[in-house]
Protein chains: 2
Amino acid sequence: MTIYDISEKAGVSIATVSRVLNGSSNVSEKTKKKVLDVINQYEYTPNAFARGLGLNTMKTIGILCPDSSDLYLAKAIYYIERKLRANGYDSILCCSGYDLETKKSSLNLLITKKVDGIILVGSSYIYEKDTDNKYICDAALQVPVMLLNAALDAPNVYSVVSDDFTSMYEATLQMINSGVKDPLYFYNSTSYSGKKKLAGYRAAMESKKLLKSGNMLQLYQGSHEDVPAMAEHLSKLAAKGVIFHGVIASDDTMALGAMKYAKENGLRVPEDLAIIGYNNSMLTDCCDPGLSSIDNKLETLCQHLITTLMGVLNGTEMPKQTLFSGELIKRGTTLD
Amino acid sequence: MTIYDISEKAGVSIATVSRVLNGSSNVSEKTKKKVLDVINQYEYTPNAFARGLGLNTMKTIGILCPDSSDLYLAKAIYYIERKLRANGYDSILCCSGYDLETKKSSLNLLITKKVDGIILVGSSYIYEKDTDNKYICDAALQVPVMLLNAALDAPNVYSVVSDDFTSMYEATLQMINSGVKDPLYFYNSTSYSGKKKLAGYRAAMESKKLLKSGNMLQLYQGSHEDVPAMAEHLSKLAAKGVIFHGVIASDDTMALGAMKYAKENGLRVPEDLAIIGYNNSMLTDCCDPGLSSIDNKLETLCQHLITTLMGVLNGTEMPKQTLFSGELIKRGTTLD
DNA sequence: GCATTTTATGAAACTGCTTACATCGTTATT
DNA sequence: AATAACGATGTAAGCAGTTTCATAAAATGC
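An account of the accompanying structure is given in this report. (Residues numbered from 1 in each chain as written. Chains lettered and ligands numbered in written order. Predicted model: local features only at pLDDT ≥ 70, side-chain atom pairs only at ≥ 80, totals over all residues. Heavy atoms only, no water.)

Side note on the protein's contact with DNA strand C
Then step 1. Near DNA strand C you find 27 residues, and of these T16 and R19 of chain A together with I3, S18 and Y44 of chain B are the closest.
Then step 2. Looking at the surface near DNA strand C, the elements that each hand over two or more residues are α2 (14-21) and α4 (48-55) of chain A together with α1 (3-10), α2 (14-21) and α4 (48-55) of chain B.
Then step 3. The residue inventory of the surface near DNA strand C, partitioned by class, reads 13 nonpolar, eleven polar and three charged. (Near = heavy atom within 4 Å. Helix = DSSP H or I, 4+ residues; strand = E, 2+ residues; numbered from the N terminus. Nonpolar A, V, L, I, M, F, W, Y, C, P; charged D, E, K, R; others polar.)

Quick look at the relation of the copies chain A and chain B
Then step 1. Each copy superposes on the other: chain A lies on chain B with an RMSD of 0.1 Å after a rotation of 180° and an axial shift of 0.0 Å. Such a combination of turn and shift is consistent with a two-fold rotation axis. Nearest to the rotation axis, the C-alpha of I92 of chain A is located 2.1 Å from it, this being the minimum over chain A.
Then step 2. Mapped onto chain B, 100% of the interface residues of chain A again fall at the interface, so both copies present the same surface. (Least-squares fit on C-alpha atoms with pLDDT ≥ 70 in both. Contact = heavy atoms within 4.5 Å.)

Quick notes on the interface of chain A and chain B
Then step 1. Between chain A and chain B, the contact holds 50 residues from the first and 50 residues from the second.
Then step 2. Across the chain A/chain B interface, buried area totals approximately 4,400 Å², and carbon plus sulfur atoms make up 60% of it.
Then step 3. Ranking the residues of chain A by area buried against chain B places F49, K113 and D288 of chain A at the top, with a combined share of 16%.
Then step 4. For the pair chain A and chain B, the number of links is five salt bridges.
Then step 5. K113 of chain B is the salt-bridge partner of D90 of chain A, the closest N and O atoms lying 2.7 Å from each other.
Then step 6. Counting the contacts that link chain A with chain B gives 16 residue pairs in polar contact (both at pLDDT 80 or more).
Then step 7. A total of eight residues in the side of chain A that touches chain B trace back to one element, the largest contributor, which is helix α5 (residues 71-86) of chain A.
Then step 8. For the side of chain A that touches chain B, a count of residues per class yields 22 nonpolar, 13 polar and 15 charged.
Then step 9. Relative to strand β2 (residues 90-95) of chain B, strand β2 (residues 90-95) of chain A is paired through three bridges, and the arrangement is antiparallel. (Buried area = accessible area lost by both parts, 1.4 Å probe. Salt bridge = Lys/Arg side-chain N within 4 Å of Asp/Glu carboxyl O. Polar contact = N/O pair within 3.5 Å; in protein donor to acceptor, adjacent residues only side chain to side chain. Pairing = 2+ DSSP bridges.)

So, α2 of chain A
Residue and element names in this part refer to chain A.
Then step 1. Looking at α2, one finds that the buried residues are T16, V17 and V20. Projection of α2 onto a plane perpendicular to its axis shows the buried side chains occupying an angular sector of 100°, all on one side.
Then step 2. Buried residues in α2 make contact with α1 (3-10) and α3 (29-42).
Then step 3. Just downstream of α2 lies G23, where phi reads positive at about 60°. (Buried < 20%, exposed > 50% of the residue type's maximum accessible area, 1.4 Å probe, protein only. Arc of directions from axis to C-beta.)

Considerations on the packing of aromatic side chains
Then step 1. Across all of its chains, the model carries ten aromatic pairs over all chains by this definition.
Then step 2. Here Y185 of chain B and Y187 of chain B contribute two aromatic rings whose centre-to-centre distance is 5.9 Å and whose plane-to-plane angle is 25°, an arrangement assigned as stacked.
Then step 3. The buried category is assigned to Y187 of chain B, whose relative accessible area is 11%.
Then step 4. Both rings, one in Y185 of chain B and one in Y201 of chain B, keep their centres 5.0 Å apart while their planes meet at 25°; by these two values the pair is stacked. Taken together, the residues Y185 of chain B in strand β6 (residues 184-187) and Y201 of chain B in helix α9 (residues 192-207) connect sequence positions 16 residues apart.
Then step 5. Members of the aromatic cluster, each reached through a chain of ring pairs, are Y185, Y187 and Y201 of chain A.
Then step 6. One cation-aromatic arrangement involves K320 of chain A over Y158 of chain A; the distance from NZ or CZ to the ring centre is 5.4 Å. (Phe/Tyr/Trp six-rings, centres within 6.5 Å; stacked < 30°, edge-to-face > 60°. Lys NZ or Arg CZ within 6 Å of the ring centre and 35° of its normal.)

What to know about the environment of R202 of chain A
All names here are of chain A.
Then step 1. Mapping R202 onto the fold places it in helix α9 (residues 192-207).
Then step 2. Overall, the relative accessible area of 36% leaves R202 in the partly exposed class.
Then step 3. Between the C-alpha atoms of R202 and Y185, which are 17 residues apart in sequence, the distance is 9.0 Å.
Then step 4. Ignoring any residue separated from it by four or fewer positions in sequence, one finds R202 in contact with L211 and M216.

Looking at the sheet that holds β6 of chain B
Residues and elements named next belong to chain B.
Then step 1. In spatial order, the strands read β7-β6-β8-β9-β10-β12; together these six strands make up an open sheet with mixed pairing. The sheet is open, and its two borders are formed by β7 (216-218) and β12 (327-329), each paired with just one other strand. Between one strand axis and the next, the sheet turns by 20° as a mean value, whatever way the strands run.
Then step 2. Taken strand by strand, helix α10 (residues 227-239) contacts β6, β7 and β8 (246-249), and its axis lies near 145° from that of β6. (Axes fitted to C-alpha atoms, helices over the stretch in contact; angles between N-to-C directions.)

Shown next as structure tokens:
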């Protein structure tokens, strides 16, 4: 069933059918009804490819993320997909892995598929070296590129970021003020937001003259979810004689590893060991006491990201970078 | 840059360029190289819409799932996306929610987008009443429909299922044999696999003459992730005088709720309370002791699903239904 | 009541690619 | 050497829409 069949059965030209289909004005009520009746009768839907060819868009946004099964990224993808669809767009999902080369090729694939815009989910897409970020600039030459929790100053690239520095700064300060003078900081990524978080911890510790370089520990290179590994790492540290009464982790999974360590070693949480996680994920409810964690308002970020993207696609001038503040959600693993 | 530009610059016809592009034979090495050079020089990529129109496919598979942020579904989506892409297909992701009407419209949307096939992720798409499943049969009239962890006997519908009945049967038996004569069963979904799991528990309990109707409890209608709610629910049961020394849950989240309950009430796990979860997710590592859980070989299921889909798309005869067995992974929450 | 504007409609060009068919030069067959 | 078969290439007809432009019809102005 094509537009020709419909036009024939309705006794009008294909142009008129097209106008009805696209809600164009300049169609009399009478013919409109006539055409609509035929369309409904035959359950006709216009061919998306032909439409795409004519309009040069299929109303599709590419979502690129390193690992869609990651708790936090999955949540982001979920919000993004829902909000895109509410705006009449579909999402094509592409998992790129953490490796630069596969990121590049995934990004190109999305462009080849003629998406209207691309959303890079997570901060792992931005590299230290500017030359490594060229692949994003190249993509932005074709379609607007949105960054979630990362920023890059380049034409046609827009960023929506949570203020990880301040969040971590304040969380660290809170822990210090609650009496913990030696909190360890654990991270596994040195990505855009990873660096900000680390800097926040560092700044807070420095402001209280408590910073020791050995207090900042990278568990993994890249991103991993491994609760037992974190517990084990802490055990080894303790065995080495490192003394600590607090753990601040750059994600909830590692914080849960600290919980496990505390449980295994008979430490009371938070009295003997205070713990703060990051992302305020469902994991915060998975332990006892509940895990205090920093909420970076993911849904708000995503909402804003989509709003911005829609604006850009409409040709509206939009802010190139937006920053939202996070918030420490206190549960049972922190002292007052 | 179009195929016309390339053909002109290479001094050949567009047909020849197209042949080179599609790796068709019957192009002399000389012209092939000539065309390829021009293509590379101008970084030409064929227009995907035009291609789609001509070939009537854009090599895209629709993935429908109720909630892509669900731990288990997110994992499934991840596997599926990766394997699809390894086969040269892209995925358009669509979150439908749990409501039948939105499922219907989401499914139609995918078909409108002219995907080559549709994968329904999770068992919530299959309903008790056959009339409620008609929307799937309708979709299957257009493109092959693959069901993950659900089955429907209909033309052009293929199912890949884990043997939840047996898994749950054996897990329940294991718990009984370990000495727990009164395990409670918790579920929140009466979907396809939800029913199988429940039946497995029921069969095992009946075989030992231990079944009591009050032992099977539905925490929520539909699917939810709520650890504290589960803990609270158990507290209330205990307060009412219900006696139980084991909990079998139809997902890990609820099992974790049982862990929380045990911890809050000073119960030893597994001595006072044995616990078995389902899905063998990362949550099993998030508590101490580690949660015993049923692994239903999700990656294997996904692999098989994609293999089947690819076969179907190639016109090969493929099995309409495949069943894989699961396995209880024993960690610390079960007795021997 | 005639000129002018507005509204409704259709014809045809256009989007960029695939492919069936035609053509032509070149080997292989007898 | 004539003919058949084949390989390489081009021509042109799809694919199924959108949209510009022309035109006819209706509504408005004076």
